[in-house]
Amino acid sequence: MSHSLDPEDWQAFRARARDMLDTLIDRMEDYSDGPVWTSPDGYEPKLDTAVLGQGAVRTDQALLELMQYGVGNTHPRFLGWVHGAGTPSGLIADMLAATMNANCGGRKTGAIRIERAVIDWALATFGLPETGSGLITSGTSMATVIALKCARDSRLGFENRKTGHEGQGLVGYTSSHAHSCLDRAFDMLGLGGDALRKIPATPDGRMNQDLLAEAIRCDRQAGLTPFVICGTAGTVNRGAIDHLSDLADLCRREDIWFHVDAAFAAALQLSETHKDKLNGLSRSDSIAFDFHKWMQVNYDAGCVLIRDEDSHRRTFSDRPDYLADMGRGLGSDMPWPVDYGPELSRGFRAVKIWAQLIEHGPEKLGAVVDANIEQARYLATQIKNTPTLELLSYDDLNICCFRYVGDQVETDLDSLNQELVIQLQESGLAAPSTTRIDGKLAIRVNITNHRTQTEDMDVLLDAILRIGRRI
Ligand SMILES: Cc1ncc(COP(=O)(O)O)c(C=O)c1O
């Protein structure tokens, strides 16, 4: 008796796969129609005996039932958090990845060479030396952990990989507007969140460099060891970009690792109009960014780049006997991705990035960036011209934070705006998110979506005014 899980009837499998593909493409053609988001209330998927092992027909029904309950980021009016919209071509690359079923921890395979090609492209694009290294990750959060481990271990001469880093007094610096993934990385690396000094920002949302220099001085005086400055290119609340060149100068003077979180704003590098905003990024020691945000690669696809390949490899590499370099054959072609990160088993994320770049090219992706910045500009202008709305932050990028103030009579504006965003999401018309700007609850619109049109801003504002009045 065969235990194979392959189809018994390949013709039937072909027909099933084609049917499914047609249905998926129908859905993609309709991305712009229907509600942005459908609440999964009432949808209670279970893996109980009623469904386990029920075969292909039941499986496909279950998969299609699920499809309507996405986050909504494929819709042009998904404007919350920082999500890319993905592309239909991503499906083709994902089908190839599923077909190859490659484990990209290492070994001598075409898949590993594709990942290297993507890393080489990224190093060149961001102006890092071609001798640098990198890794495709699940996202910027994981890329940040890898970069900061590299910064920490380099500072300690890699000895800490055996002995730990207790008593070393390591401290790092970032802006008070930086993303929480930096705190999480400090936590995960055993440095503790308090060791990441939060330097207040100037009114334009950038790290205050005088206060930064002062903090470093005080820490050194206290006998601590400053080891990393984490700049941000594109803060999550307003898209502010730290003075990267100045931070690079300071890091050089102080002999400190210069890391940059460029999660979404890395895509500015693809825009002829806006790439200057990233001046100084090429002088960083490490960059964490996402392909799945503004570069529209389907989830998930992040990346870490490291200037000094040797440091990167020494931070992670260790070779048990069963993974030894065999010189030739499958067990060769070193270094492998496992030498640059914590995971041994990894999927083939690089292929969808590679395919996206081949199909659409940096120029077309850069044009999406330009269009989204224009749309945010239009939105900010409309908000300024509407007396019942108050613009809370806008930094000439792709993010606009504002609130409905109505006629300004005694009202709890925080609760009102929170309720407004919830009702807007539930209406399915548009999905912004919320944040706080100077303590005020704000409607946060982030545009990293190639399907968004300027008219979508009008639909959004009409809905906000209508719901605001009603509340
Ligand atoms: C500035 C910034 N850094 C880091 C992250 C985390 O990225 P990821 O969700 O890919 O882990 C985000 C996510 O929105 C971000 O905006």
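Please read these numbers as outputs of a predicted model, since none were measured by experiment.

To continue, consider the overall build of the protein. Within the protein, the regular secondary structure consists of 13 helices and 12 strands. Taking 471 residues into account, the globule formula puts the C-alpha radius of gyration at 23 Å, and the protein, at 24 Å, falls close to it. Its C-alpha atoms put the protein at 75 × 65 × 45 Å along the principal axes. Taken over 471 residues, the protein has a buried fraction of 49%. Look at the contacts in the protein between residues 6 or more apart in sequence, and 72% of them connect residues 24 or more apart. Each charge class in the protein was averaged separately, 48 positive and 66 negative side chains, and the resulting centres sit 4 Å apart.

Quick look at the pairing of strand β3 (residues 170–175) now. If a strand is regular, its side chains alternate between the two faces of the sheet. Of all 6 residues in β3, 6 are buried, a share of seventy percent or more. Alternating positions in β3 separate into two faces, Leu 170, Gly 172 and Thr 174 on one and Val 171, Tyr 173 and Ser 175 on the other, with burial throughout. Where β3 lies against strand β5 (residues 225–232), 5 bridges are found, and the strand directions are parallel. Bridging from a neighbouring strand, Tyr 173 pairs with Ile 229 of β5. As paired strands, β3 and strand β4 (residues 196–199) are joined by 4 bridges and run parallel to one another.

The tally for this structure, following the rule as stated, stands at 8 aromatic pairs. Aromatic side chains Trp 121 and Phe 291 sit 6.3 Å apart centroid to centroid with 40° between the ring planes, which places their arrangement in the tilted category. Of this pair, Trp 121 sits in helix α4 (residues 110–125) while Phe 291 sits in the loop between β7 (286–290) and β8 (302–306), and the two are 170 residues apart along the sequence. The exposure class assigned to Phe 291 is buried, which follows from its relative accessible area of 1%. Judged by centre distance (5.9 Å) and plane angle (35°), the ring pair of Phe 186 and Phe 227 falls under tilted. Residue Phe 186 is found in helix α7 (residues 181–188), and its partner Phe 227 is found in strand β5; the two are separated by 41 residues along the sequence.

The omega angle of the peptide bond from Tyr 299 to Asp 300 is -10°, so this bond is cis rather than trans. In this chain, Met 334 is followed by Pro 335 through a cis amide linkage whose omega measures -10°. Mapped onto the elements, Pro 335 comes out in the loop between α10 (309–316) and α11 (350–384). Phi is positive for Asp 333, close to 75°, though the residue is something other than glycine.

Turning next to the sheet that holds strand β11 (residues 431–437). Reading across from one edge, β1-β11-β12-β10-β9 is the order of the 5 strands in this open sheet, with mixed pairing throughout. Of all strands in the sheet, those with a lone pairing partner are β1 (78–79) and β9 (389–394), marking the two edges. The sheet contact formed by strand β10 (residues 399–404) and strand β12 (residues 440–446) spans 4 bridges and is antiparallel. By the bridge assignment for β12, Phe 402 is matched with Ile 443. Lying over the sheet, helix α12 (residues 413–427) contacts β10, β11 and β12, oriented at roughly 160° with respect to β11. Relative to β10, helix α13 (residues 454–470) is tilted by about 25°, and along the sheet it contacts β1, β9, β10, β11 and β12.

The next thing to look at is the nonpolar core. Grouped together as the largest cluster of nonpolar side chains are 93 residues, with contacts concentrated most on Phe 126, Ile 229, Phe 289, Phe 291 and Leu 305. Of the domains in this structure, domain 1 (103–347) and domain 2 (362–470) are the two that each give at least three residues to this core. When neighbours within four sequence positions are excluded, Ile 229 is seen to be in contact with Tyr 173, Met 207, Leu 212, Ile 216, Leu 247, Leu 250, Cys 251, Ile 256, Trp 257, Phe 258 and His 259. Leu 379, Tyr 404, Val 421 and Ile 447 belong to the second largest nonpolar core, which has 25 residues in total.

Our next topic: the domain arrangement of the protein. In terms of domains, the protein is made up of domain 1 (103–347) and domain 2 (362–470). Listed as interface residues are 21 residues of domain 1 and, on the opposing side, 24 residues of domain 2. Of the roughly 1,700 Å² buried where domain 1 meets domain 2, counting both sides, 59% is carbon and sulfur surface. In terms of surface lost to domain 2, no three residues of domain 1 exceed Asn 237, Arg 238 and Trp 294, which account for 39% of the buried area on that side. A salt bridge links Asp 395 to Arg 206, with the nearest nitrogen and oxygen atoms 3.6 Å apart. Taken together, the residues of the side of domain 1 that touches domain 2 break down into 9 nonpolar, 7 polar and 5 charged.

Next up on the list: the site of the ligand. As a matter of local geometry, the ligand sits amid 14 residues, with Thr 140, Ser 141, Asp 261, Asp 290 and Lys 293 nearest to it. The side chain of Ser 141 places a nitrogen or oxygen atom 2.6 Å from an oxygen atom of the ligand. Within the contact set of the ligand, an oxygen atom lies 2.6 Å away from a side-chain nitrogen or oxygen of Asp 290. Protein coverage of the free-state accessible area of the ligand, which is 390 Å², stands at 84%. Considering only residue class, the shell around the ligand consists of 5 nonpolar, 6 polar and 3 charged.

Turning our eyes to something else, we now look at the environment of Asp 204. Within the secondary structure layout, Asp 204 lies in the loop between β4 and α8 (209–221). When its relative accessible area of 29% is taken as the criterion, Asp 204 is described as partly exposed. Other than its neighbours up to four places away in sequence, Asp 204 contacts Arg 238, Ala 240, His 243 and Asp 395.

On to the side chain of Ser 133, then. Relative to the assigned elements, Ser 133 resides in strand β2 (residues 133–137). Taking relative accessible area as the criterion, Ser 133 reaches 4% and is therefore assigned buried. Within the local environment of Ser 133, its side chain forms a polar contact with the side chain of His 312, the two groups lying 2.8 Å apart. Once residues lying within four places of it in the same chain are set aside, the contact partners of Ser 133 are Ile 119, Leu 123, Val 304, Leu 305, Ile 306, Asp 308, Glu 309, His 312 and Tyr 340.

Cut-offs used in this document
- Going along each chain's sequence as written, the residues are numbered from 1 onward.
- Side-chain atom pairs in this predicted model are given and counted only at pLDDT of 80 or more, local residue features only at pLDDT of at least 70, and totals for whole chains, interfaces and linings cover all residues.
- Heavy atoms from the whole structure form the basis of all side-chain values; hydrogens and water molecules are not counted.
- Runs of H or I in DSSP of at least four residues are treated as helices and runs of E of at least two as strands, each being numbered from the N terminus.
- For a compact globule the rule gives 2.2 Å times the number of residues to the power 0.38, and the radius of gyration it is set against comes from C-alpha atoms.
- Three exposure classes are used, based on accessible area relative to the maximum for each residue type with a 1.4 Å probe and protein chains only: buried under 20%, partly exposed in between, and exposed over 50%.
- In this description, contact between two residues means that some pair of their heavy atoms is separated by no more than 4.5 Å.
- None of His or the chain ends enter the tally, which takes Lys and Arg as positive and Asp and Glu as negative.
- Charge positions are represented by NZ for Lys, CZ for Arg, CG for Asp and CD for Glu.
- Pairing between two strands is assigned when DSSP locates at least 2 bridges connecting them.
- Whether two aromatic rings pair depends on their centres lying within 6.5 Å, for rings of Phe, Tyr and Trp, where Trp uses its six-membered ring; planes under 30 degrees apart make the pair stacked, over 60 edge-to-face, and the rest tilted.
- Each axis is a line fitted through C-alpha atoms, taken for helices only over the stretch in contact, and angles between the N-to-C directions span 0 to 180 degrees.
- The set of buried Ala, Val, Leu, Ile, Met, Phe, Trp, Tyr and Cys residues whose side-chain atoms join them within 4.5 Å is what this entry labels a nonpolar core.
- Annotation comment: domain bounds sourced from an automatic or database domain assignment.
- Here's the idea: put two parts together, see how much 1.4 Å probe accessible area each one loses, and the total over both is what we call buried area.
- Any carboxyl oxygen of Asp or Glu that lies within 4 Å of a side-chain nitrogen of Lys or Arg is treated as forming a salt bridge with it.
- Three classes are used, and their members are as follows: Ala, Val, Leu, Ile, Met, Phe, Trp, Tyr, Cys and Pro are nonpolar, Asp, Glu, Lys and Arg are charged, and the others, Gly among them, are polar.
- In this text, near means that some heavy atom of the residue lies within 4 Å of the molecule or strand in question.
- Polar contacts, as used here, are pairs of N or O atoms within 3.5 Å; protein pairs need one atom able to donate a hydrogen and one able to accept it. Residues neighboring in sequence count only if both atoms are side-chain atoms.
- With residues, only the protein chains shown are counted as cover, and all accessible areas are computed by Shrake-Rupley using a 1.4 Å probe.

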